Amino acid sequence: MQRFTPLLIDAARPCRHSVGDRWFVDETYVRVAGLWRYVYRAVDQHGQVIDVNVSKRRNLVAATRFFETMLPGRDRPSEITTDLAAPLLRVIDDLLPEVLHDTSQFANNRIECDHGRLKARPRPIRTLRTDRTASVVIRGHAFIQNLRRGHYELGVEARHDCLRVAAAFDEL
């Protein structure tokens, strides 16, 4: 999984749909080798996972690094919804001052509910051992989630949605 997941993600990148103009950004946490690590995630209004980043800390440097890797090569969003986390507030004000920033209560429920699917995955495989492994597993989870939701031009000829992932891997 650690070897081929990044290769599959790179091979499927040209077939990916464009990202929407409303983004939901939040952080959650997972255990890696018995230590808490923060996972920054961004999802658009269609449910497409835009990007993920695993960090040791939840601070301004980590939030800035997440946005600086996520923004190049994409259109700027018209609206970003976050919670009231101070690092996210500062980064969005610094990097995207023209964007409408929504921090109202319950506005970020879309990504908060999406965290549950991510956190349910590592439990059966016990614990993640290294930060690199955690990053690869979480990126792979986001890739499969996007495939299942139809955010790639792969597996569109599959008769049923449950066969979309298998058809996509055949095309890759």
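See the structure above.
J.: Can you help me understand the pairing of strand 1 (residues 22–32) in this one?
T.: Along a regular strand, successive side chains alternate from one face of the sheet to the other. For strand 1, a buried count of 8 out of 11 residues is recorded, marking the element as mostly surrounded by other parts of the structure. In this structure, strand 1 lies alongside strand 4 (residues 79–81), joined through 3 bridges in parallel fashion. Across the sheet, residue Trp23 finds its bridge partner in strand 4, namely Ile80. Summarising the sheet, strand 1 and strand 2 (residues 35–44) pair through 10 bridges and their orientation is antiparallel. Of the residues in strand 2, the one forming a bridge with Tyr29 is Tyr38. Linking strand 1 to strand 2, which pair antiparallel, is a turn of 2 residues; within it Ala33 sits at a positive phi near 55°.

J.: Even after reading the chapter, I still don't get the pattern of salt bridges, so can you show me in this structure?
T.: Once their charged atoms are close, side chains differing in charge can pair, the charge on each being opposite to the other. One pass over the full model with this rule turns up 5 salt bridges. When the shortest N-O distance is used, the salt bridge between Glu27 and Arg58 registers 3.2 Å. Here Arg58 lies in the loop between strand 3 (49–55) and helix 2 (60–70) and Glu27 lies in strand 1, a separation of 31 residues in the sequence. According to the relative accessible area criterion, Arg58 is partly exposed, its value standing at 42%. Salt-bridge contacts for Asp131 lead to Arg37; the nearest nitrogen and oxygen are separated by 2.8 Å.

J.: Where do I start with the packing of helix 1 (residues 5–12) against helix 5 (residues 131–148) in this structure?
T.: Any two packed helices are characterised by the angle at which their axes cross and by the distance between the axes. In contact at an axis separation of 9 Å, helix 1 and helix 5 are set at 40° when each is read in the N-to-C sense. It follows that helix 1 is oblique to helix 5 by the angle criterion. As helix 1 packs across helix 5, the resulting crossing turns out to be left-handed. Along its contact with helix 1, which presents Thr5, Pro6, Leu8, Ile9 and Ala12, the element helix 5 presents Val136, Arg139, Gly140 and Phe143. Tallied by class, residues from the contact of helix 1 with helix 5 come to 6 nonpolar, 2 polar and 1 charged.

J.: I keep staring at helix 4 (residues 109–120) and nothing clicks. Help me out?
T.: One full turn of an α-helix is made of 3.6 residues, so residues set three or four places apart face in the same direction. In a regular helix each residue adds 1.5 Å, so 12 residues correspond to 16 Å; helix 4 covers 17 Å between its end C-alpha atoms and thus fits that length. Taken together, the buried positions of helix 4 are Ile111, Asp114, His115 and Leu118. The buried residues of helix 4 all sit within an arc of 120° when viewed along its axis, so they share a single face. Looking at the buried residues of helix 4, the elements they touch are strand 1, strand 2, strand 3 and helix 5.

J.: I tried to follow the nonpolar core on my own but got confused; where do I start?
T.: Looking at soluble globular proteins, one finds that nonpolar side chains tend to be buried together. Grouped together as the largest cluster of nonpolar side chains are 18 residues, with contacts concentrated most on Trp23, Val25, Phe66, Phe67, Met70, Ile80 and Leu88. Counting only elements with at least two residues in this core, the list comes to strand 1, strand 2, helix 2 and helix 3 (86–95). By residue number, the principal contributor to this core is helix 2, which donates 5 residues. Ignoring any residue separated from it by four or fewer positions in sequence, one finds Phe66 in contact with Val25, Tyr40, Arg41, Ala42, Asp51, Val52 and Asn53. Counting residues in each nonpolar core, the second largest holds 15 residues, with Val43, Val52, Leu118 and Ile138 among its members.

J.: Mind showing me how you'd approach the sheet that holds strand 1 here?
T.: Note: strands within a sheet are paired through backbone hydrogen bonds, in either parallel or antiparallel orientation. In space, the 5 strands of this open sheet follow the order 3-2-1-4-5, with mixed pairing throughout. Looking at strand neighbours, the two that pair on one side only are strand 3 and strand 5 (100–102), the edges of this open sheet. In this sheet, adjacent strand axes meet at a mean angle of 20° when their direction is disregarded. Along the sheet, helix 4 contacts strand 1, strand 2 and strand 3; its crossing angle with strand 1, the most-contacted strand, is approximately 35°. Across the sheet, helix 5 touches strand 1, strand 2 and strand 3, and the angle it forms with strand 3 is around 165°.

J.: Would you mind showing me how to read the side chain of Thr81 here?
T.: You can see Thr81 is positioned in strand 4. With residues near it in sequence (within four places) discarded, Thr81 still touches Trp23, Phe24, Val25, Asp102, Ala107 and Asn108.

Rules used throughout
Residues numbered from 1 in each chain as written. Predicted model: local features only at pLDDT ≥ 70, side-chain atom pairs only at ≥ 80, totals over all residues. Heavy atoms only, no water. Buried < 20%, exposed > 50% of the residue type's maximum accessible area, 1.4 Å probe, protein only. Helix = DSSP H or I, 4+ residues; strand = E, 2+ residues; numbered from the N terminus. Pairing = 2+ DSSP bridges. Salt bridge = Lys/Arg side-chain N within 4 Å of Asp/Glu carboxyl O. Axes fitted to C-alpha atoms, helices over the stretch in contact; angles between N-to-C directions. Parallel < 35°, antiparallel > 145°, perpendicular 65-115°, else oblique. Left-handed = near helix turned anticlockwise from the far one by under 90°. Contact = heavy atoms within 4.5 Å. Nonpolar A, V, L, I, M, F, W, Y, C, P; charged D, E, K, R; others polar. Expected span 1.5 Å × (residues − 1). Arc of directions from axis to C-beta. Core = buried A, V, L, I, M, F, W, Y, C linked by side-chain atoms within 4.5 Å.

Note that all results are geometric; they support no functional claim without further evidence.
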